[in-house]
4 protein chains.
Amino acid sequence: MLKIGLLGCGRIGQVHARTIKGLEHAKIVAVADAVPAAAESLATALAAEVREPDAVLSATDIDAVIIGTPTSTHFEQIQAAAESSKAIFCEKPVDMSVDNIRILMDVTAKANVPFFTAFNRRFDPNFAALQARLRAGEIGAVELIQITSRDPSPPPIGYIKTSGGLFRDMMIHDFDMARFLMGEEFTMLSAVGSCLVDPEIGEAGDVDTAAVILTTASGRICQISNSRRASYGYDQRIEVHGALGMLRAENILETSVEVATAEGFRRAPTLNFFLERYEAAYAAEMKAFIDFVSSGTKPEPSIEDGLQAQILADAATQSQQTGQPVAL
Amino acid sequence: MLKIGLLGCGRIGQVHARTIKGLEHAKIVAVADAVPAAAESLATALAAEVREPDAVLSATDIDAVIIGTPTSTHFEQIQAAAESSKAIFCEKPVDMSVDNIRILMDVTAKANVPFFTAFNRRFDPNFAALQARLRAGEIGAVELIQITSRDPSPPPIGYIKTSGGLFRDMMIHDFDMARFLMGEEFTMLSAVGSCLVDPEIGEAGDVDTAAVILTTASGRICQISNSRRASYGYDQRIEVHGALGMLRAENILETSVEVATAEGFRRAPTLNFFLERYEAAYAAEMKAFIDFVSSGTKPEPSIEDGLQAQILADAATQSQQTGQPVAL
Amino acid sequence: MLKIGLLGCGRIGQVHARTIKGLEHAKIVAVADAVPAAAESLATALAAEVREPDAVLSATDIDAVIIGTPTSTHFEQIQAAAESSKAIFCEKPVDMSVDNIRILMDVTAKANVPFFTAFNRRFDPNFAALQARLRAGEIGAVELIQITSRDPSPPPIGYIKTSGGLFRDMMIHDFDMARFLMGEEFTMLSAVGSCLVDPEIGEAGDVDTAAVILTTASGRICQISNSRRASYGYDQRIEVHGALGMLRAENILETSVEVATAEGFRRAPTLNFFLERYEAAYAAEMKAFIDFVSSGTKPEPSIEDGLQAQILADAATQSQQTGQPVAL
Amino acid sequence: MLKIGLLGCGRIGQVHARTIKGLEHAKIVAVADAVPAAAESLATALAAEVREPDAVLSATDIDAVIIGTPTSTHFEQIQAAAESSKAIFCEKPVDMSVDNIRILMDVTAKANVPFFTAFNRRFDPNFAALQARLRAGEIGAVELIQITSRDPSPPPIGYIKTSGGLFRDMMIHDFDMARFLMGEEFTMLSAVGSCLVDPEIGEAGDVDTAAVILTTASGRICQISNSRRASYGYDQRIEVHGALGMLRAENILETSVEVATAEGFRRAPTLNFFLERYEAAYAAEMKAFIDFVSSGTKPEPSIEDGLQAQILADAATQSQQTGQPVAL
């Protein structure tokens, strides 16, 4: 039985708590949150204790911590968790600063604690199946990857202002997916971005529509595009073209119902909410984390994966702002 | 060069003329129509002569005739064509009377003239590909066939009154398709029909919505349904379930364009007009006819195929009216 | 808090237990099973008691019972549950005998206990959405319904022999769906059936491939087809054609991944296992039952729905055996 | 009756000849080709004369010329055609040199002759429908365009060597499509390219896999990707994301047949041959040209469109070679 402490009882913390509640070999023994009522409510539902974050991090009855708190707190919490030899499950981004992530890599390596960067999309059953078939050679060597991600609508402007910008907040998922699929590091990146959705986003110094080209040393190419809006729901698509064919993962629609009228054949919009779209992915990543820790296998995505994605996000931000390609 | 006489210069006669104009080894030398202007106009476009029907049927400079005139004239024209040893391409139905078709089978057999019953759908590239793959064993032995045919809207009530009824006028195509796909004759048939689209059709003694079950001696099953209306266009689908899998041919849409909005993903309606939907089929059947005649191969669909489809249409009409299954 | 007793701790009982475990306003207090180990195991997982079936049925600390035992035990259990005023959730079929179901209708009516017949497919989110849109008038009046159900492979021959036959065991789901969608009772039925999949099924007096046509007094038509095998998974489709258009629910595929190679574009097979395919439906039907009981609303599907489906299954069996249509 | 002279009787010249043969208000009166037999053969089929190219260009009995000869001959032929006041239909690219195209713009403007640059894809019924709906505002203002073009396999290496490179030979179609859809000129372009398909292409100084990002002054973004191979056929897709939704045109498959087996649901590959895929587009562009000339409307795509596409192709070539973005 893996004993887990949960830091952060917000939306995503609750998702993880629900997954763990359904598992046999893990349980949450303590939760912490800056909002006492949030911690209380979740603790009751889990039959777990409410503790202070520091107490969770230093507890001797806890094997692993889930860090689902705001990004700004990650740096100290990860260090504390490493010091007390906890396995660490950390929401993305690990930290806004690449330098900080490098420090944390050292700290966790020296402490020899397992570290899992929660890029949930790798665990989406559809994307995971695509990647497995890619690795199995079903379409031969990768040549071109196209990743399309569109949110149904922009987050609140307050969130945008502290988000680190579209590339670090939203496209970072796609950067990790690109690395996951490509299987070779990128060496060059060009980014463009615009404010087409909401002028307030532009006034906040951010973009809401963006496209990036990445290339590897061997000449493989990846295209990513992001938009902060999509009238038809949460648009999450992947396409990989290889020497022997193409693999793609289509959107997940609300239902399988189609209506035919004089206007044609109409299927449902895509699932609109990320927690619903990636429900299976969130459950699968938590199970994977617990399996990694239980079996003593190094977790994947690792803290290095968190670092590399952040490096790409930084480079894209720079490229978009300077108009120049960035060598990685 | 196969020299052809065309009887009937209406919509379908013009389709055949256009096909033949594009071919190298056949030409229309004479045309005939009850409406002189129709014959004149088509003759000019083809650089062909206008003749009386009888003159076309008895001509010595003509090898083959296309009979695209009203069904009531087929019986005499086929006999005349057989007497003067013409290869015969005849629009469906060969005749409304099964007895008459039997007589024509004898006449054409004795005259040893090739006879092609123009069940155009067998030549639709999609249905033809499906049937070829079925015969090649791609899904093993046939178990269940489902044929769905819906017209965009009912024909004029005047047409309905002389049509012989839905089973003989519309479902006859599906009966032929069922035989084409099944590869085993049917031994039992049950039909139901209703008037749901237009009360005038019911007053004329016909139905506008119908379903039929057919079975073979070995227990294979075929379901057919027809409707005289479909808001989304001309609906023409086939599905065959076999021991090893399923083959199906989907509808052909107006364009490949899809729009995604808050209402979902919408593709175009189906092609709405039968001449457009089956454009390739009409061209292919004419080429097949010319190839059969040129090569001396017995045409398919044959007059026997015309007979069998008519027998099924009669049986369905009887079953719908009596409420009892009909043994074939 | 609705206190529930669970009779039957097999596959389906476990599904219901899992659903209830995740709910706030209901809990399973006791379980029973003919196999003590099955009852023990589930009781432990639920922190519930193991009791004898009779003790569950007569318990004073239980508000509702879930009857997930073999069909042959339903008759007595339902009577006992009614006598002790329990709300009843009963797996289909209620009983193999229409006469017995009529008796149970009386008994439960007199006892004034809520009775829910667990036709889970009504609660599949896709089929439920289709039905809701149909009722909302999206395609106008219903004209033609087509229901296609194919199992991946036949059940064990031992199961077949006690199943009551394909129409009562498998197509009964489609009969209920047909009634659910049509919104008008059927008045006439014709059935055909064959043994094409496995000769042992035929030797057991059953069929493995079948098709039925049903009609209503107003002339609406429903076609159903069943097969005991489908190489590509569990095939569950519905199509409704109405005056203004068509609504259909397509299959649910294992993943959204598509591969394109020289052989074309290939998507995944359908979900293969009924518990997986209808996972959401099983959860939704249990929530609905608990809501009905909690709110005092009459459950739907009711025992009358269970009766009507059984009447259709009996009629289909008779029609298939006699070769004659059956008036309902 | 528009009298047309055809220069170039190769594959594409024959396509245009076939279209014109079926039209009522235009005819080809003379053809020319460097290979006499090619000219003779086509002339016979058309009942047209064979003439020398110069004689066609200066003829007084000819209203319009179709220039389907190698690109290197366009410059002189267009000048000659302009001098003798012929309407000009010119295959893409107008010329490999942007300077030359500017000269030809002057020449044809001064001569006041209609000039049509044959970007056939604008006339594909699917892409044309998409663009019309875009212009009609169906998805609001354009934000992101994604164009995917993949050839089934690379052309012969000899062709590659004289082609001007992938951006000028293949992606030029996509550049024109991007302008056609965007409705605003591009101001910045970044291109990457690799040799992944065939090392010989790299040795010839060209790339076979490429991606480009284009942006406009108002911040709209276009992504294009090209590959010289696709196992599943000729891949031609467009997707436009706008403020109110997304419009996309999918591939055209060989047939509508789908097979379902244990491996899943498999549809046909895409149409493999560009002449077949764009058959309708070639016919429609010729009809459009004849309509423009007959009605005195300025043709579209114009020579300016030919120039702009060439400018983008040059910029992409430069960007790919220098690794730097190019301002337009």
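The rules we used
- Numbering of residues starts from 1 in every chain and runs along the sequence as written.
- Labels follow written order: the first chain is A, the first ligand is 1, and so on.
- Predicted model: local features are reported for residues with pLDDT of at least 70 only, side-chain atom pairs are reported and counted for 80 or more only, and whole-chain, interface and lining totals are derived from all residues.
- Each side-chain value is derived from all of the structure's non-hydrogen atoms; neither hydrogens nor water enter the calculation.
- In this description a helix means any DSSP run of H or I spanning at least four residues, a strand means any run of E spanning at least two, and both kinds are numbered starting from the N terminus.
- We compute the radius of gyration over the C-alpha atoms and compare it with the globule rule, which gives 2.2 Å times the number of residues raised to the power 0.38.
- Only protein chains enter the accessibility calculation, which uses a 1.4 Å probe; a residue whose area is less than 20% of its type maximum is buried, one above 50% is exposed, and one in between is partly exposed.
- We call two residues in contact whenever any of their non-hydrogen atoms come within 4.5 Å of each other.
- Within 6.5 Å between ring centres, the rings of Phe, Tyr and Trp (the latter by its six-membered ring) count as paired, and their orientation is classed by plane angle as stacked under 30 degrees, edge-to-face over 60, tilted in between.
- Only Lys NZ and Arg CZ are tested; either one counts as a charge over a ring when it is within 6 Å of the ring centre and within 35 degrees of the ring normal.
- Least-squares fitting of one copy onto the other uses the C-alpha atoms of those residues that reach a pLDDT of at least 70 in both copies.
- All domain edges in this entry derive from an automatic or database-based domain assignment.
- Summed over both partners, buried area is the accessible surface (1.4 Å probe) that two parts give up on being assembled.
- In the analysis that follows, any N or O atom pair within 3.5 Å is treated as a polar contact, provided that within protein one partner can donate a hydrogen and the other can accept it, and provided that, for residues neighboring in sequence, both atoms belong to side chains.
- One speaks of a salt bridge when a side-chain nitrogen belonging to Lys or Arg is within 4 Å of a carboxyl oxygen belonging to Asp or Glu.

K.L.:
Account for the overall build of chain A, naming residues and giving values.
P.N.:
Along chain A, the regular secondary structure elements total 13 helices and 15 strands. The C-alpha atoms of chain A give 20 Å as radius of gyration, which agrees with the globular expectation for 328 residues (20 Å, within 12%). Counting only C-alpha atoms, chain A reaches 60 × 50 × 45 Å along its principal axes. For chain A, the residues scored as buried account for 59% of the 328 residues in total. A fraction of 71% describes how many contacts in chain A between residues 6 or more apart in sequence connect residues 24 or more apart.

K.L.:
Kindly report on the packing of aromatic side chains, identifying the contributing residues and their values.
P.N.:
Within this structure, the stated rule accounts for 36 aromatic pairs over all chains. Pairing Phe 116 of chain D with Phe 123 of chain D gives two aromatic rings, centres 5.7 Å apart and planes at 40°, and the pair type is tilted. Pair check on accessibility: Phe 116 of chain D and Phe 123 of chain D agree, each one buried. Over the ring of Tyr 278 of chain A we find Arg 277 of chain A; its NZ or CZ atom is 4.6 Å from the centre of that ring.

K.L.:
So, the relation of the copies chain D and chain A: which residues are in play, and what are the values?
P.N.:
For the pair chain D and chain A, the superposition axis carries a translation of 0.0 Å, the fit reaches an RMSD of 0.0 Å, and the rotation angle comes to 180°. Such a combination of rotation and displacement between the chain copies is what one expects of a two-fold axis. Within chain D, the C-alpha atom positioned nearest to the axis of rotation is that of Gln 324 of chain D, 3.5 Å from it. Taken as a fraction of all interface residues of chain D, those also at the interface in chain A reach 100%, which identifies the copy contact as same-surface.

K.L.:
For unusual backbone geometry, give the residues involved together with the corresponding values.
P.N.:
Note that the residue after Glu 300 of chain A, namely Pro 301 of chain A, is joined by a cis bond; omega there is 0°. As for its position among the elements, Pro 301 of chain A is in the loop between helix 12 (279–295) and helix 13 (303–322). For Asn 112 of chain C, which is not glycine, the phi torsion reads 55° and is therefore positive. Take Asn 112 of chain C: it is sitting in the loop between helix 5 (98–111) and strand 6 (115–118). Here Asn 112 of chain C falls in the exposed class, since its relative accessible area comes to 66%.

K.L.:
So what's going on with the domain arrangement of chain A? Which residues, and what values?
P.N.:
Residues and elements named next belong to chain A. Entries for chain A in the domain assignment read domain 1 (2–113) and domain 2 (122–281 + 308–327). Taking the mean C-alpha position of each, domain 1 and domain 2 sit 28 Å from one another. In total, domain 1 and domain 2 occlude about 830 Å² of area from one another, counting both sides; carbon and sulfur atoms represent 68% of this. When the buried surface of domain 1 facing domain 2 is broken down by residue, Arg 11, Lys 92 and Met 96 rank first, second and third, together holding 59% of it. Taken together, the links from domain 1 to domain 2 amount to 1 residue pair in polar contact (both at pLDDT 80 or more). When residues of the side of domain 1 that touches domain 2 are traced back to their parent elements, those giving at least two are helix 1 (11–21) and helix 5 (98–111).

K.L.:
I'd like a rundown of the interface of chain D and chain A, residues and numbers included.
P.N.:
Residue-level contacts link 43 residues of chain D with 43 residues of chain A. Taken together, both faces of the contact between chain D and chain A bury some 3,100 Å²; the carbon and sulfur share is 53%. Across the chain D-chain A interface, the total number found is 6 salt bridges. Among the salt bridges present, the one from Glu 239 of chain A reaches Arg 237 of chain D, with a minimum N-O distance of 2.8 Å. Across the chain D-chain A interface, the total number found is 16 residue pairs in polar contact (both at pLDDT 80 or more). Contributing elements (two or more residues each) for the side of chain D that touches chain A: strand 7 (142–150), strand 8 (186–194), strand 9 (209–216), strand 10 (221–227), strand 11 (235–242) and strand 12 (245–249) of chain D.

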